[in-house]
Amino acid sequence: MSNTVYLLRHGQTEWSETGKHTGRTDIPLTGEGEARARRAGEVLAGLRGERGAVVITSPRQRAVRTAALAGLAVDETTEELAEWDYGDYEGLTTPEIREAVPGWTVWTHPCPNGESAEQVTERAARLLDRVRRLDRDVVLVGHGHFSRVLVAAWIGQPSTFGVHFGLDAAGIVVLGDERGVPQIKRMNIPSPVRNP
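These notes cover the structure that comes with them.

The rules behind the values
- Residues numbered from 1 in each chain as written.
- Predicted model: local features only at pLDDT ≥ 70, side-chain atom pairs only at ≥ 80, totals over all residues.
- Heavy atoms only, no water.
- Helix = DSSP H or I, 4+ residues; strand = E, 2+ residues; numbered from the N terminus.
- Rg over C-alpha atoms; globule rule 2.2 N^0.38 Å.
- Buried < 20%, exposed > 50% of the residue type's maximum accessible area, 1.4 Å probe, protein only.
- Contact = heavy atoms within 4.5 Å.
- Areas by Shrake-Rupley, 256 points an atom, 1.4 Å probe, with all protein chains shown as cover.
- Lys, Arg positive; Asp, Glu negative; His and termini not counted.
- Charge placed at Lys NZ, Arg CZ, Asp CG, Glu CD.
- Core = buried A, V, L, I, M, F, W, Y, C linked by side-chain atoms within 4.5 Å.
- Phe/Tyr/Trp six-rings, centres within 6.5 Å; stacked < 30°, edge-to-face > 60°.
- Lys NZ or Arg CZ within 6 Å of the ring centre and 35° of its normal.
- Arc of directions from axis to C-beta.

Next up on the list: the overall build of the protein. Summing up its helical and strand segments, the protein has six helices and six strands in all. Along its sequence from the N terminus, the protein presents helices and strands in the succession β-α-α-β-α-β-α-α-β-α-β-β. In terms of overall size, the protein behaves like a compact globule, its C-alpha atoms giving a radius of gyration of 16 Å where 196 residues would be expected to give roughly 16 Å. In terms of overall dimensions, the protein has a C-alpha envelope of 50 × 45 × 25 Å along the principal axes. Every one of the 196 residues in the protein was classed for burial, and the buried ones make up 50%. The contacts of the protein with a sequence gap of at least 6 include a subset with a gap of at least 24, amounting to 68%. Surface exposure of the protein reaches about 9200 Å², of which carbon and sulfur atoms provide 49%. With 23 positive and 26 negative side-chain charges, the protein shows a spacing of 5 Å between the two charge centroids.

Structure, rendered in structure tokens:
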């Protein structure tokens, strides 16, 4: 395998800014989220150069809009790239969930009526298996927790290993390999901040 995979997390939303778990809920980017998405597109273009890529996005508007603002022509939209389904915890912050379940994290505890860590791992593995078979670079535009699971799966770790990776809104990850060994080439590349 010689392709490079670029992960782009969607730009900031009102819920991502306040720490609310946002899986199925389809909310728009904030103005700052749109600005970060545009800047992330510039960074991504600099990283990719003239190399073509297959662009795949989550169907949630925050991801689709991020791709558009980043100047990406989307080839495919798929639920495989959707965020972790938080079930009953959708729209709640971690401190709110911990009022009922002390010590709760998405990495260590279940999400009632949502996806388990095992289900998310299986979904990530299916997507990466497909991506690895492509003979071109790939840009995946998605979400925070699921992208962190993808990074863990890329290097052969379980989904819970994703806790070790940070990924800001409109952050970029570059995945590749070194002599056939999967590698995280770059992690959480921020878009440059511009002063008004």
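Okay, the nonpolar core next. Core analysis: the biggest nonpolar cluster contains 31 residues, and Val5, Leu7, Trp84, Leu140 and Leu150 have the highest contact counts within it. Not counting the four nearest positions on each side in its chain, Trp84 is found in contact with Gly23, Val106, Trp107, Cys111, Glu115, Ser116, Ala117, Val120, Arg123, His145, Phe146 and Val149. Judged by nonpolar contacts, the second largest core, of 17 residues, contains Tyr6, Leu8, Ala63 and Val139.

We now examine unusual backbone geometry. You will see that Arg179, though not glycine, has its phi angle at about 50 degrees, which is positive. Structurally, Arg179 is set in the loop between strand E5 (172-178) and strand E6 (181-189). Here the phi dihedral of Asn188 falls at roughly 55 degrees; this positive angle occurs in a residue that is not glycine. Locating Asn188 in the fold gives a position in strand E6.

On inspection of all chains with the given rule, the structure shows three aromatic pairs. Ring geometry for Tyr89 against Trp104: centres 5.2 Å apart, planes inclined by 75 degrees, an arrangement best described as edge-to-face. Here Trp104 lies in the loop between helix H4 (94-100) and helix H5 (117-133) and Tyr89 lies in the loop between strand E3 (76-77) and H4, a separation of 15 residues in the sequence. The two residues Tyr89 and Trp104 agree in class, both being buried. Relative to Phe165, the ring of Phe161 lies with its centre 5.8 Å away and its plane at 65 degrees, an arrangement referred to as edge-to-face. A relative accessible area of 29% means that Phe161 is categorised as partly exposed. The side chain of Arg123 reaches across the aromatic face of Phe146, ending 4.3 Å from its centre.

Attention now moves to helix H3 (residues 61-69). Within H3, the full set of buried residues consists of Arg62, Ala63, Thr66, Ala67 and Leu69. End-on view of H3: buried residues confined to an arc of 165 degrees, all on one side of the axis. Positive phi appears at Gly71, one or two residues downstream of H3, with a value of about 80 degrees.

This part is about the environment of Ser116. Counting through the fold element by element, Ser116 comes out in the loop between H4 and H5. The exposure class of Ser116 is partly exposed, given its relative accessible area of 25%. With 31 residues separating them along the chain, Ser116 and Ser147 place their C-alpha atoms 16 Å apart.

The next point concerns the environment of Leu7. By the secondary structure assignment, Leu7 is in strand E1 (residues 5-9). As for Leu7 and Asp137, which are separated by 130 residues in sequence, their C-alpha atoms are 11 Å apart. Beyond its immediate sequence surroundings of up to four residues, Leu7 is in contact with Leu140, Ser147, Leu150, Val151, Gly171, Ile172, Val173 and Leu175.

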